[in-house]
Amino acid sequence: KGPRTCGISLTIKDPRWVGAWWLGFLIAAGAVALAAIPYFFFPKEMPKEKRELQFRRKVLAVTDSPARKGKDSPSKQSPGESTKKQDGLVQIAPNLTVIQFIKVFPRVLLQTLRHPIFLLVVLSQVCLSSMAAGMATFLPKFLERQFSITASYANLLIGCLSFPSVIVGIVVGGVLVKRLHLGPVGCGALCLLGMLLCLFFSLPLFFIGCSSHQIAGITHQTSAHPGLELFPSCMEACSCPSDGFNPVCDPSTRVEYITPCHAGCSSRVVQDALDKSQVFYTNCSCVVEGNPVLAGSCDSTCSHLVVPFLLLVSLGSALACLTHTPSFMLILRGVKKEDKTLAVGIQFMFLRILAWMPSPVIHGSAIDTTCVHWALSCGRRAVCRYYNNDLLRNRFIGLQFFFKTGSVICFALVLAVLRQQDKEARTKESRSSPAVEQQLLVSGPGKKPEDSRV
């Protein structure tokens, strides 16, 4: 009784539409190859770095010489000299061999993580990167499912709105740091303000979206649609395959059926138009009043909300990226000069391990829990056909809100630590100033004491 599925005309709105997904990778790979050409014309070594490397090797040779070891024995070394030697080892560490670097790396890592500002800023950046990784991976799919738009249109909107806002946020953050001459406390305040505003503009996203439309046999309501109470007895004679997927929609009741067979349809009609052709299925025993059904999923009733939704997402992304430059400045100013290179390397290592690797897995697992109908392949779950849209929106946006909250907490702690350090520094200066003035008065106008320099 079921209609034959050969010769079905697919459109970009059909859930089975794949398209040339590989074309974007080819274009991106070509752009990266072109951008890499100038690197072939760079010198092997920069002149300045070469002189610094020779100087550091001389320092290392002097430090490790036998005469030096005998002279500076552990019993004769002062704590200050020992600390300077460790700092020198950290400074020379980037120029060691692989084996030597592996031996010294744990000490360098622990020494770098002892900086509270560095640790808190990196944790806040881990939260932001987790948010960005989940958004970049699943936002197109979320828009496609939530607002019933095509994958190409979803990616077009993201490319036109979200990515330019990220660039604007990074540039504006750098301009504010430069124009306002922000110090560490100012950079911390700017980061906290940007994340608080980002968190505020994320709240309306919980309420912008569409509920799932009715799907016969999955989310049916017999009280609202009396014709659905015949499911599945109305199509028992059709022997519909359980793994089939060719959705059709009843425009009058906005009820979707998994296949024309599940709607009890026995005929197929193709209406040719100038730009495209429409496929209808008729003589459907499971449809109310036997109305013809249209091939494809039912359109959403709130597709017009996708633009306001993306505008809020783009605004939040710009505010979050406002923290990029000031947070990086906090890292560079929060560690010693000789530790900056390794601090940046440790920062990106944590971002890869703690954010960019687990975040897509966490978001994907959360999205899978909102599925209401799975397609099976060899008895196992293959792909989700239908989601609970309300649950999908709450969990996806909820994860984003969770990571943003974590970033706000970290930046608030950073600002508190910076203010405490600034307060202690001012207190120390106020205590040392009277002693210096008294010493200058005692020494007289013609004398210059050795310890009078601040």
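Residues numbered from 1 in each chain as written. Predicted model: local features only at pLDDT ≥ 70, side-chain atom pairs only at ≥ 80, totals over all residues. Heavy atoms only, no water.

Observations concerning helix 5 (residues 98–113)
Reasoning step 1: Between its terminal C-alpha atoms helix 5 stretches 22 Å, which fits the 22 Å expected from 16 residues at 1.5 Å a residue.
Reasoning step 2: Regarding helix 5, the residues found buried are V104, V108, L109, Q111 and T112. (Helix = DSSP H or I, 4+ residues; strand = E, 2+ residues; numbered from the N terminus. Expected span 1.5 Å × (residues − 1). Buried < 20%, exposed > 50% of the residue type's maximum accessible area, 1.4 Å probe, protein only.)

Some thoughts on the state of the cysteines
Reasoning step 1: Following the criterion strictly, the structure yields 4 disulfides and no others.
Reasoning step 2: Shown here is the disulfide that connects C210 with C302, its sulfur atoms set 1.4 Å apart. With C210 in the loop between helix 8 (184–202) and strand 1 (214–215) and C302 in the loop between strand 6 (293–295) and helix 9 (306–321), this residue pair connects regions lying 92 residues apart in the sequence. The same class applies to C210 and to C302, which are both buried.
Reasoning step 3: Shown here is the disulfide that connects C249 with C298, its sulfur atoms set 1.9 Å apart. Negative torsions about the S-S bond denote left-handed disulfides, and the value of about 105° found for C249 with C298 makes this one right-handed. Taken together, the residues span a long stretch of sequence, with C249 in strand 2 (residues 248–250) and C298 in the loop between strand 6 and helix 9 at a distance of 49 residues. (Disulfide = S-S within 2.5 Å.)

A closer look at the nonpolar core
Reasoning step 1: L139, L143, F147, F309 and F396 are the most contacted members of the largest nonpolar core, which has 27 residues in total.
Reasoning step 2: For this core, the secondary-structure elements that each account for two or more residues are helix 6 (116–147), helix 7 (151–179), helix 9, strand 8 (380–387) and helix 13 (389–443).
Reasoning step 3: If you tally residues by element for this core, the top one is helix 6, at 6 residues.
Reasoning step 4: Apart from the residues within four sequence positions on either side, L143 is in contact with S148, I149, A154, I158, V306, F309 and L310.
Reasoning step 5: By size, the runner-up hydrophobic cluster in this structure holds 22 residues, among which are F118, L190, L322 and L330. (Core = buried A, V, L, I, M, F, W, Y, C linked by side-chain atoms within 4.5 Å. Contact = heavy atoms within 4.5 Å.)

Some remarks on the packing of helix 10 (residues 324–334) against helix 11 (residues 340–356)
Reasoning step 1: At a minimum axis separation of 9 Å, helix 10 and helix 11 run at an interaxial angle of 135°. In terms of orientation, helix 10 and helix 11 fall into the oblique class. By crossing handedness, the relation of helix 10 to helix 11 is classed as right-handed. Mapping the contact onto sequence places F328, I331 and L332 in helix 10 and K340, V344 and Q347 in helix 11.
Reasoning step 2: Each residue belonging to the contact of helix 10 with helix 11 can be placed in one class, and the counts come to 4 nonpolar, 1 polar and 1 charged. (Axes fitted to C-alpha atoms, helices over the stretch in contact; angles between N-to-C directions. Parallel < 35°, antiparallel > 145°, perpendicular 65-115°, else oblique. Left-handed = near helix turned anticlockwise from the far one by under 90°. Nonpolar A, V, L, I, M, F, W, Y, C, P; charged D, E, K, R; others polar.)

With respect to the pattern of salt bridges
Reasoning step 1: Overall, the coordinates contain 2 salt bridges when judged by the stated rule.
Reasoning step 2: Salt-bridge contacts for R393 lead to D390; the nearest nitrogen and oxygen are separated by 2.9 Å. Taken together, the residues span about one helical turn, with R393 and D390 both in helix 13 at a distance of 3 residues.
Reasoning step 3: Look at R393 and you get buried, because its relative accessible area is 8%.
Reasoning step 4: Judged by relative accessible area, which is 27%, D390 ranks as partly exposed. (Salt bridge = Lys/Arg side-chain N within 4 Å of Asp/Glu carboxyl O.)

Some thoughts on the packing of helix 6 against helix 12 (residues 358–368)
Reasoning step 1: In contact at an axis separation of 8 Å, helix 6 and helix 12 are set at 55° when each is read in the N-to-C sense. By the angle between their axes, helix 6 is oblique relative to helix 12. Judged by the twist between their axes, the crossing of helix 6 over helix 12 is right-handed. Residues S130, A133, G134, T137 and F138 of helix 6 touch helix 12, and the partners they reach there are S359, P360, H363, G364 and I367.

Overview of the UniProt feature "transmembrane region" (unreviewed entry) in the protein
Reasoning step 1: Taken from the UniProt record, the annotation "transmembrane region" (unreviewed entry) applies to residues 20–42, 117–139, 151–177, 189–209, 305–332, 353–376 and 396–418.
Reasoning step 2: In this annotation, residues 20–42 is assigned 61% helix and 0% strand; the end-to-end C-alpha distance for the span is 37 Å.
Reasoning step 3: Helix makes up 62% of residues 353–376 and strand 25%, and the two end C-alpha atoms of the span are 33 Å apart. (UniProt positions renumbered as here; feature names shortened; annotations may be inferred.)

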